[in-house]
Amino acid sequence: MSTGPGAPSAPAPDTHEPARETTPRKTSMFSSLRIRNYRLFFLGQVVSNIGTWMQRIAQDWLVLSLTGSAAAVGITTALQFLPMLLFGLYGGVLVDRLRKRPTLVVTQSAMALTAIALAVLTLTGQVQVWHVYVAAFAVGLATVVDNPARQSFVSELVGPEQLQNAVSLNSANFQSARLVGPAVAGLLITGVGTGWAFLLNGLSFVAPLTGLLLMRSRELHAVERAPRGKGQLREGLRYVAGRPELIWPIVLIGFIGTFAFNFPVYLSAFADDVFHGDAGVYSMFNTLMAVGSLAGALLAARRGTARLRLLILAALAFGTLEILAAAAPELWMFALLMIPIGLFAMTVNVTTNTSIQMSTDPAVRGRVMALYMMVFLGGSPVGAPVVGWLTDTYGARVGFAAGGTVAITAAAVIGLILARVGNLRLTVGWHHGHPHIRFVPREQPEKALARAV
């Protein structure tokens, strides 16, 4: 959310050379789709993301069916993201050295084969919970390289002018699939079984692989790859540590991703234990959350800016809504709250992702995005078992409320830290009949972090 005409579109370091990637304040909502290579990438991801959401729902429900435990669902989630926690930074180093397109062909193929193997085990009736654990860990290993490669490949597809729009459309793509995938998964699980959801996910990877192979290399925006050398991991960490506009959003998304974004644990427990529903109820929760997430992603694509102030306010709203949902006495009330929760969760996600990419030198973007994804996704191995245990021991309502409390606390503390570092003060007033809360500089309004917030 910008404050006026001519405001910078991305935070810029105030003592370092900024990443010169800016966007106009407003842009056409689908402008980056005019670029052929990005259009191929986008369409391939539409199909693959639907399969991914089908597998997520089927995987969570299969584990819950095999064990009857929310903690076991948490363990599955943890295993899927544990490789990112252990090896995420090394994945970023590899991504900065390798060409992105062939790297993605390898990682997407590996995830396809894993889904097909799990489908065969399930359809033949041989599946056990440890098979699901192994498959989740294998997908996590591929994700160590796939995630930073996909994130940083977007800038090579569209260039700096369309980066904000493309990142937002990627999120809209993912959330659009979330509208379809869980619904299809619910029908498949209740109709023919979870194995078919796994099989269709494996086959869905044909679409992104075809898109990658059809891209025109000459139309990619060339990025100089990092040469092999010692100390590249430390170099990436030093780069982030010296920039408050990078380190504090990463810390915030770490707390939220670890404790408040564990929706497979929370929503499966609410569907099964609180409202005594089936896989259809669980998929409905995910679908309604996707409606809000899609709206949030499309608003971000239209907005054209990535302000840290918006990140803090969205995180506060997100945590508050989780606490309200935890106390909802009726299923319909809980279900409706999934829409604004999805909207603000996506606003947090897109704003963090975009502000980090647009503030980072392309030469180290793979390492920076790997750190971001390691903190965001890698926190799940810590958070998922904890919230799973909390949910099993004290109930789904307590677990969900605890996640919201963590989000509010982290947002408030980091907001104050950013205000102090940026030499800002909080002002509260009315604008066109509505409350207007903003941070304004105490002095030196040209400071980069003040502009970012």
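In the annotation of an unreviewed UniProt entry, the chain is listed under the name MFS transporter and assigned to Streptomyces composti.

What follows deals with the overall build of the chain. A count of helical and extended segments in the chain gives 17 helices and two strands. Across the 453 residues that make up the chain, the buried fraction comes to 56%. In the chain, 84% of the contacts between residues at least 6 apart in sequence involve partners at least 24 apart.

Bringing a nonpolar patch on the surface into the picture now. A cluster of nonpolar side chains, Leu85, Leu86, Phe87, Tyr90, Leu141, Val382 and Val386, forms an exposed patch at the surface whose accessible area comes to about 620 Å². Those elements that place two or more of their residues in the nonpolar patch are helix H2 (70-97) and helix H15 (380-394). Broken down by element, the residue count for the nonpolar patch peaks at four residues, all from H2. Assignment of secondary structure puts leucine 85 in helix H2.

Moving on to helix H3 (residues 100-123). Taking 1.5 Å as the rise per residue, H3 with 24 residues should run 34 Å; its terminal C-alpha atoms sit 35 Å apart, in good agreement. A positive backbone phi angle near 75° is found at glycine 125, which sits one or two residues after H3.

Here we come to the nonpolar core. Counting 80 residues, the largest nonpolar core has Phe285, Phe334 and Phe400 as its most contacted members. Here this core takes nine residues from helix H12 (residues 308-326), the largest share from any one element. Those residues in contact with phenylalanine 400 that lie beyond four places of it in its chain are Phe263, Tyr266, Phe270, Glu322, Ala325, Ala326, Phe334, Met338 and Ile341. Within the second largest apolar cluster, 21 residues are counted, among which are Leu104, Ala149, Val154 and Leu163.

Right, let's get into the UniProt feature "transmembrane region" (unreviewed entry) in the chain. Under the UniProt annotation, "transmembrane region" (unreviewed entry) lies at residues 38-58, 70-91, 246-267, 279-301, 308-325, 331-350, 370-390 and 396-419. With 100% helix and 0% strand, the stretch residues 70-91 has end C-alpha atoms that lie 30 Å from each other. Counted over residues 246-267, helix gives 86% and strand 0%. Its end C-alpha atoms are 31 Å apart.

A word on the confidence of the model for the chain. Interpretation of the predicted coordinates at a detailed level should be avoided for regions scoring low in pLDDT. When pLDDT is averaged along the chain, the result is 80, and 83% of the positions lie at 70 or above. Taking the mean pLDDT of every element in the chain, the minimum, 53, falls on helix H17 (residues 448-452) and the maximum, 95, on helix H7 (residues 206-214). Confidence drops under pLDDT 50 across residues 1-25; counting only partners more than four residues distant or on other chains, this segment forms 68 contacts.

Looking now at the environment of glycine 236. With respect to the element layout, glycine 236 can be found in helix H8 (residues 232-241). Residue glycine 236 is classed as buried on the basis of its relative accessible area of 7%. In the structure, glycine 236 is positioned 129 residues away from arginine 365 in sequence and 8.7 Å away in space, judged by C-alpha atoms.

A separate point is unusual backbone geometry. Of note, histidine 276 is a non-glycine position whose phi angle comes to about 55°, a positive value. Along the chain, histidine 276 turns up in the loop between helix H10 (263-274) and helix H11 (279-303).

With that out of the way, let us pick up the side chain of serine 69. One can find serine 69 in the loop between helix H1 (36-67) and H2. Here the side chain of serine 69 touches alanine 72 through a polar contact of 3.2 Å, landing on its backbone nitrogen. A distance of 3.4 Å separates the side chain of serine 69 from the side chain of aspartate 392, its partner in a polar contact. The residues touching serine 69, leaving out its near neighbours within four places in the chain, are Leu64 and Asp392.

This part takes up the pattern of salt bridges. A complete count under the given rule lists three salt bridges for this structure. A salt bridge links lysine 100 to glutamate 156, with the shortest nitrogen-to-oxygen separation between them at 3.3 Å. One end of the pair, lysine 100, is in helix H3; the other, glutamate 156, is in helix H4 (residues 129-158), with 56 residues separating them in the sequence. Comparing lysine 100 with glutamate 156, the two get one shared label, buried.

Time to look at the packing of H3 against H7. Between H3 and H7, the shortest axis-to-axis distance is 10 Å and the interhelical angle comes to 165°. Looking at the two axes, H3 sits roughly antiparallel to H7. For the pair H3 and H7, the sense of crossing is left-handed. Along its contact with H3, which presents Arg101, Leu104, Val105, Gln108 and Ser109, the element H7 presents Pro208, Leu209, Leu212 and Leu213.

Attention now goes to the packing of H2 against H10. One can describe the packing of H2 onto H10 by two numbers: an axis separation of 9 Å at closest approach and a directional angle of 155°. Between H2 and H10, the crossing angle belongs to the class labelled roughly antiparallel. At the point where H2 passes H10, the crossing takes the right-handed sense. Facing H2, whose interface residues are Ala70, Val73, Gly74 and Thr77, H10 presents Pro264, Val265 and Ser268. Looking at side-chain class alone, the contact of H2 with H10 contains four nonpolar, three polar and no charged residues.

Conventions adopted
Residues numbered from 1 in each chain as written. Predicted model: local features only at pLDDT ≥ 70, side-chain atom pairs only at ≥ 80, totals over all residues. Heavy atoms only, no water. Helix = DSSP H or I, 4+ residues; strand = E, 2+ residues; numbered from the N terminus. Buried < 20%, exposed > 50% of the residue type's maximum accessible area, 1.4 Å probe, protein only. Contact = heavy atoms within 4.5 Å. Patch = residues over 30% accessible without salt bridge, like charges linked within 9 Å, V, L, I, M, F, W, Y side chains within 5 Å. Areas by Shrake-Rupley, 256 points an atom, 1.4 Å probe, with all protein chains shown as cover. Salt bridge = Lys/Arg side-chain N within 4 Å of Asp/Glu carboxyl O. Expected span 1.5 Å × (residues − 1). Core = buried A, V, L, I, M, F, W, Y, C linked by side-chain atoms within 4.5 Å. UniProt positions renumbered as here; feature names shortened; annotations may be inferred. pLDDT = per-residue confidence, 0-100. Polar contact = N/O pair within 3.5 Å; in protein donor to acceptor, adjacent residues only side chain to side chain. Axes fitted to C-alpha atoms, helices over the stretch in contact; angles between N-to-C directions. Parallel < 35°, antiparallel > 145°, perpendicular 65-115°, else oblique. Left-handed = near helix turned anticlockwise from the far one by under 90°. Nonpolar A, V, L, I, M, F, W, Y, C, P; charged D, E, K, R; others polar.

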